[in-house]
Amino acid sequence: AYNLIVLATFPAAAAATYALARFLTGVHRSSLVAALAFAFAPVHVAHAAYHPHITQVQWIPLYLLALFAAVDRPSSRRLAWLGAAVAALVLSNFYGALIGALVTPAAMAAYWCLIPRERRTWWGLAAPSLLLAGLCLSTYTVLRITHPSFLTEAWQSRNPLGDLDVPERHAVEEP
C-alpha cells in the first residue's frame, strides 16, 4: 500500500503543479516543465524511498491553486474548494500543514498585489482570510474540547530543576 501511495504521488504532483502553473501563467510548455521539475525534484525522489508521508507533495500546489483561485474571484464554490484543499494539506502530514501556515500570508498578499487592478477587490483578500481564520479557530476549539490539555503541556518544563544533579561549587580559599 505504501508503494502505491508513493508511486501515485509522482503523477499527482505533476498534475497539481501543471494546473497551478497553467493557472498562473496560461502557458502550456512552461507549465509542463514546472510540473516535471516539481514531480521529479531530488528531494521528492529521495524521500520516496523512506518517507511516504513526506512524499505527498502534491497537496502543496493543489492548496496554492485553490488559494489563488479564491483570492482571484471568491465564490462559495471556490471557498469550498479551498476548505477541502486545506483539509487535504493538513491531514497529509505535519510538514504540509507547517508549509501551508508559513507560506499562506505571503502568497496571498503577493498574488493579490500582482493580479490586475480591475480584478483586485478587498473581498478577494478578505473572504479566503476569513475562511482560513475560521478553520483555524474551529479546529482549535474542537481540539480544546476533546483534549483539554492541548497546548498547555507544551509550556511546562519537562525537566524540573529539582531533578537535575548539579555539583556544588566549592570556593577556593586563598592563603
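Every value quoted in this text rests on a predicted model; they were computed, and no experiment measured them.

(A) Region of interest: the packing of aromatic side chains. Counted under the stated rule, the structure contains 4 aromatic pairs. Here the aromatic rings of Trp112 and Trp122 are separated by 4.8 Å at their centres, their planes lie at 40°, and the arrangement is tilted. Of this pair, Trp112 sits in helix H6 (residues 94-114) while Trp122 sits in helix H7 (residues 122-146), placing them 10 residues apart in sequence. Judged by relative accessible area, Trp122 falls into the exposed class, the value being 65%. In this structure an aromatic cluster arises from ring pairing among Phe23, Phe68 and Tyr111. Of note, Arg120 hangs over the ring of Trp112, and the distance from its end group to the ring centre comes to 5.3 Å.

(B) Expanded view of the nonpolar core. Counting 21 residues, the largest nonpolar core has Tyr63, Leu64, Leu67, Phe68, Leu82 and Leu132 as the members making the most contacts within it. Listed by contribution, the elements that provide at least two residues to this core are helix H4 (59-72), helix H5 (76-92), H6 and H7. A per-element tally of this core places H4 first, with 8 residues. Once residues within four sequence positions are removed from consideration, Leu132 is found in contact with Tyr63, Leu67, Leu82, Val86, Thr104 and Met108. Membership of the second largest hydrophobic core comes to 5 residues, among which are Ala13, Ala14, Ala35 and Val57.

Conventions we followed
Every chain begins its residue count from 1, and numbering advances along the sequence as written. Reporting of local features is limited, given that this is a predicted model, to residues whose pLDDT is at least 70; pairs of side-chain atoms are given and counted only at 80 or more, and all residues count toward the totals for whole chains, interfaces and linings. In computing side-chain properties, one takes all heavy atoms of the structure into account and sets aside hydrogens as well as water. For this analysis, a ring pair means two rings from Phe, Tyr or Trp (six-membered ring only for Trp) whose centres lie within 6.5 Å, classed as stacked if their planes differ by under 30 degrees, edge-to-face if by over 60, and tilted for the remaining angles. A run of H or I in DSSP counts as a helix once it spans at least four residues, and a run of E counts as a strand once it spans at least two, with each numbered from the N terminus. Note on classification: 1.4 Å probe, protein chains only; a residue is buried when its accessible area is under 20% of the maximum for its type, exposed when over 50%, partly exposed between these limits. For a Lys NZ or an Arg CZ to count as sitting over a ring, it must be within 6 Å of the ring centre and within 35 degrees of the ring normal. We define a nonpolar core as any set of buried Ala, Val, Leu, Ile, Met, Phe, Trp, Tyr and Cys residues linked to one another through side-chain atoms lying within 4.5 Å. Whether two residues are in contact is decided by their heavy atoms: any pair within 4.5 Å suffices.

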